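Listed below are the residues making up each chain.
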Amino acid sequence: MAASSSSALWTAHHHLFLRPSNTTHRRRPVPPSAAVRPLAASLVATAPVAAATRRTAAEEAVYEVVMRQAALVEEAAAPTRRRWAEDAVAGWGLLADAYDRCGEVCAEYAKTFYLGTQLMTAERRKAVWAIYVWCRRTDELVDGPNSSYITPKALDRWEKRLEDLFEGRPYDMYDAALSDTVSKFPVDIQPFKDMIEGMRLDLWKSRYRSFDELYLYCYYVAGTVGLMTVPVMGIAPDSKASTESVYNAALALGIANQLTNILRDVGEDSRRGRIYLPLDELAEAGLTEDDIFRGKVTDKWRKFMKGQIHRARLFFDEAEKGVVHLDSASRWPVLASLWLYRQILDAIEANDYDNFTKRAYVNKAKKLLSLPVAYARAAVAS
Amino acid sequence: MSLCLVASPATRAASPSRLVAAVPPPPPWRSRGELHFSVVWGKMRGGASVSAGQRQVVRRCSSAGEPRPAGDGGLSSFCIIEGPETIQDFVQMQSQEIQDNIKSRRNKIFLLMEEVRRLRVQQRIRTSESRGASIEESEMPEIPSSIPFLPNTSPKTMKQLYLTSFSFITGIIFFGGLIAPVLELKLGLGGTSYEDFIRTMHMPFQLSQVDPIVASFSGGAVGVISALMLVEIRNVRQQEKKRCTYCHGTGYLPCARCSASGMLLNTKSFSLSCDKGHNMWSTTERCTNCSGAGKVMCPTCLCTGVAMASEHDPRIDPFD
């Protein structure tokens with residue numbers, strides 16, 4: 001029953017990105033067996049309760065966003081969105097400055113990521129910087145030094161500014177860079193709105209009762225980033241994969257990154273009174289919130305962490321399958337960053353699962369070593 | 001005496017709700033017991049006439065002790081993030097009203113800062129009581145050292161610094177002026193002197209006749225200049241850390257609507273039946289986004305320009 005409803009949701013997209021597609025979508029019902037199963041469904045099988053093909057409410061909602069973004073990419077033969085045309089001549093200098101500043105901010109706060117962007121083409125680099133700066137500014141609203149002044153109304157206003165910039169009316173310099181980026185690449189507004197929604201969650205929610213709830217949160221704050229950047233990275237014209245599967249892989253990468261963050265920062269989050277682990281799974285493992293606040297590594301904790309790390313690795317594996325379908329110039333940076341982030345999970349294991357007091361990080365040597373290997377892997381894949 | 005400072009009589013505001021709205025709601029986590037604001041405010045009000053706005057402010061402050069979710073829509077519609085419509089705030093007031101409101105608010109800020117200072121004193125006393133003997137170390141302020149590679153310094157380590165520096169200077173003077181010539185020390189590669197070095201390099205021998213005073217002056221100057229450079233670089237890096245990265249410490253970002261010029265070009269086209277040639281009429285008007293300033297608030301540092309928007313005021317930390 002779930003499978004048939006999912007096939008009803010499907011629009012068959014066999015036109016690929018960058019190919020001049022027919023203006024009308026050809027809706028062909030896809031037999032369920034050929035349908036790409038949403039990622040989480042395969043993982044839900046590992047959870048004790050759900051059946052293999054059941055999709056939870058969170059996954060449905062996320063899936064719909066993926067579909068919409070994929071559809072947008074398809075119809076964007078020529079960007080119909082209004083370019084930032086006001087004061088076009090006067091704006092040129094400001095735009096170049098804006099992108100430069102975006103790069104500076106990126107270099108300041110995310111050095112490894114900045115190095116990764118150096119592996120991309122110039123246009124993509126600027127676009128990714130602009131997206132990064134918007135995401136970071138949004139995150140700093142609720143997580144930064146002034147977060148105590150932020151109210152839901154402030155987030156509403158931030159969302160209004162987002163809508164304005166998508167319509168070509170950016171408010172300040174960094175908004176202008178993003179506005180220019182979204183006029184050049186077919187990026188949908190929904191992932192951005194969803195990220196703001198994730199920030200709204202963070203204002204009040206500090207516990208997650210099940211993995212489903214956590215999955216939605218991870219989608220909001222990290223999966224959206226994957227959806228934002230795939231139109232920038234581009235899908236390889238000769239790839240045989242469907243657009244949705246690439247988006248699903250990007251989604252998986254975002255979720256994997258966020259889960260890794262969560263697993264690395266358990267101690268830090270607990271000191272701020274937050275637990276980003278599913279409470280039902282904690283209870284199943286015989287752990288309580290107090291155990292986390294106390295911060296002692298026990299055998300129960302090790303067993304629990306092993307399961308969590310295993311699940312995060314599954315997401316990484318799903319993501320890796322999709323990387324090879326990206327545009328050839330983008331494969332290397334994405335693959336490298338995937339590998340680097342996955343190594344953090346290894347570091348947690350090496351710390352004997354002590355994520356309360358020890359910070360799991362990958363040293364520079366390992367980071368540098370991953371680069372050429374990732375290059376070889378990306379070049380071989382076709 | 002200090003509490004006899006009375007807030008200047010606030011004018012009857014045309015829109016009291018707006019006035020009240022401008023006081024930001026207290027952060028939800030701050031609730032160290034009942035703060036007796038109402039009592040203190042009562043003293044401060046003294047004989048001044050109290051407008052409806054002030055009374056509302058008092059009511060709000062007295063409930064500051066209770067934890068309240070941020071963004072309580074009932075009391076305030078204030079939003080700290082600027083938007084294109086914030087220039088409409090307070091737009092109905094007259095100029096005299098605006099002046100009076102500014103004055104009364106500055107007074108309130110002053111008085112609130114004094115309260116914060118006293119509360120911090122109490123807080124410090126409480127925490128040091130509970131920590132007991134560790135008062136000693138916390139009273140010595142930690143000054144980051146401007147000498148590269150050195151850890152934090154303090155007035156205690158200054159003595160050590162004086163001692164070390166003087167001994168180094170005397171030692172080098174003795175070494176260079178007395179010991180080296182006596183021992184005929186040759187510090188060139190492989191035990192050569194400067195003369196040998198010049199000769200082996202096949203350079204004109206006049207170069208080896210360098211005057212010792214000139215030589216020491218040059219060496220000293222190079223040393224001093226590089227030392228000053230290192231100190232300055234380190235200073236700048238430290239200041240940069242405190243600075244908001246997004247606005248580079250200015251607190252503002254260029255307005256995108258008018259590209260930081262403050263003016264918007266409005267072109268209206270119209271056609272006159274007689275004049276076909278010129279039918280574009282352009283007027284420059286003030287940019288509605290930034291109201292002519294050319295710049296808008298930086299939402300990360302909230303116009304403070306620093307990475308942490310706290311008040312940099314000695315009243316915040318009376319023991320430092």
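Looking up chain B in an unreviewed UniProt entry gives the name CR-type domain-containing protein, with the organism given as Leersia perrieri.

Chain A is annotated in an unreviewed UniProt entry as 15-cis-phytoene synthase from Leersia perrieri. What UniProt states about chain A under its Sequence similarities (unreviewed entry) heading is, verbatim, "Belongs to the phytoene/squalene synthase family." According to the UniProt record, the Catalytic activity (unreviewed entry) comment for chain A reads "2 (2E,6E,10E)-geranylgeranyl diphosphate = 15-cis-phytoene + 2 diphosphate".

This paragraph deals with the interface of chain A and chain B. Taken together, the 36 residues of chain A in the interface contact 36 residues of chain B. Roughly 3100 Å² is buried in total at the junction of chain A and chain B, and carbon and sulfur atoms are behind 59% of that figure. Ranking the residues of chain A by area buried against chain B places Y149(A), R157(A) and Y171(A) at the top, with a combined share of 24%. Taken together, chain A and chain B are joined by zero salt bridges. Here chain A is connected to chain B by nine residue pairs in polar contact (both at pLDDT 80 or more). Of all the elements in the fold, those that place two or more residues in the side of chain A that touches chain B are α4 (88-109), α6 (122-143), α7 (152-166) and α8 (173-184) of chain A.

Let's shift gears to the packing of helix α11 (residues 243-264) of chain A against helix α15 (residues 299-323) of chain A. Residues and elements named next belong to chain A. Two elements in contact, α11 and α15, have axes whose closest approach is 7 Å; the angle formed by their N-to-C orientations is 150 degrees. In terms of orientation, α11 lies roughly antiparallel with respect to α15. Viewed along their axes, α11 and α15 form a crossing whose handedness is left-handed. Between α11 and α15, the contacting residues are A249, A252, L253, I255, A256, N257, L259, T260 and L263 on the first element and M305, Q308, I309, A312, F315, F316, E318, A319 and G322 on the second. Residue classes in the contact of α11 with α15 are distributed as 13 nonpolar, four polar and one charged.

Residues and elements named next belong to chain B. In this model, H202 sits at a positive phi of 60 degrees, which is unusual for a non-glycine residue. Position of H202 among the secondary structure elements: in the loop between α7 (194-200) and α8 (212-242). Backbone geometry places H248, a non-glycine residue, at a positive phi of 55 degrees. Note on placement: H248 falls in the loop between α8 and β1 (252-254). On the accessibility criterion, H248 (27% relative accessible area) is partly exposed.

Moving on to the packing of α6(A) against helix α9 (residues 190-204) of chain A. Residues and elements named next belong to chain A. Here α6 crosses α9 at 20 degrees, and the two axes come no closer than 9 Å. Considered as vectors, α6 and α9 are oriented roughly parallel to each other. Read as a crossing pair, α6 and α9 show a hand that is right-handed. Each of W134, C135, T138, D139 and V142 in α6 lies in contact with α9, whose residues at this interface are F192, M195, I196, M199 and L203. Of the residues assigned to the contact of α6 with α9, the class counts are eight nonpolar, one polar and one charged.

Reading the values: the criteria
Residues numbered from 1 in each chain as written. Chains lettered and ligands numbered in written order. Predicted model: local features only at pLDDT ≥ 70, side-chain atom pairs only at ≥ 80, totals over all residues. Heavy atoms only, no water. UniProt positions renumbered as here; feature names shortened; annotations may be inferred. Contact = heavy atoms within 4.5 Å. Buried area = accessible area lost by both parts, 1.4 Å probe. Salt bridge = Lys/Arg side-chain N within 4 Å of Asp/Glu carboxyl O. Polar contact = N/O pair within 3.5 Å; in protein donor to acceptor, adjacent residues only side chain to side chain. Helix = DSSP H or I, 4+ residues; strand = E, 2+ residues; numbered from the N terminus. Axes fitted to C-alpha atoms, helices over the stretch in contact; angles between N-to-C directions. Parallel < 35°, antiparallel > 145°, perpendicular 65-115°, else oblique. Left-handed = near helix turned anticlockwise from the far one by under 90°. Nonpolar A, V, L, I, M, F, W, Y, C, P; charged D, E, K, R; others polar. Buried < 20%, exposed > 50% of the residue type's maximum accessible area, 1.4 Å probe, protein only.

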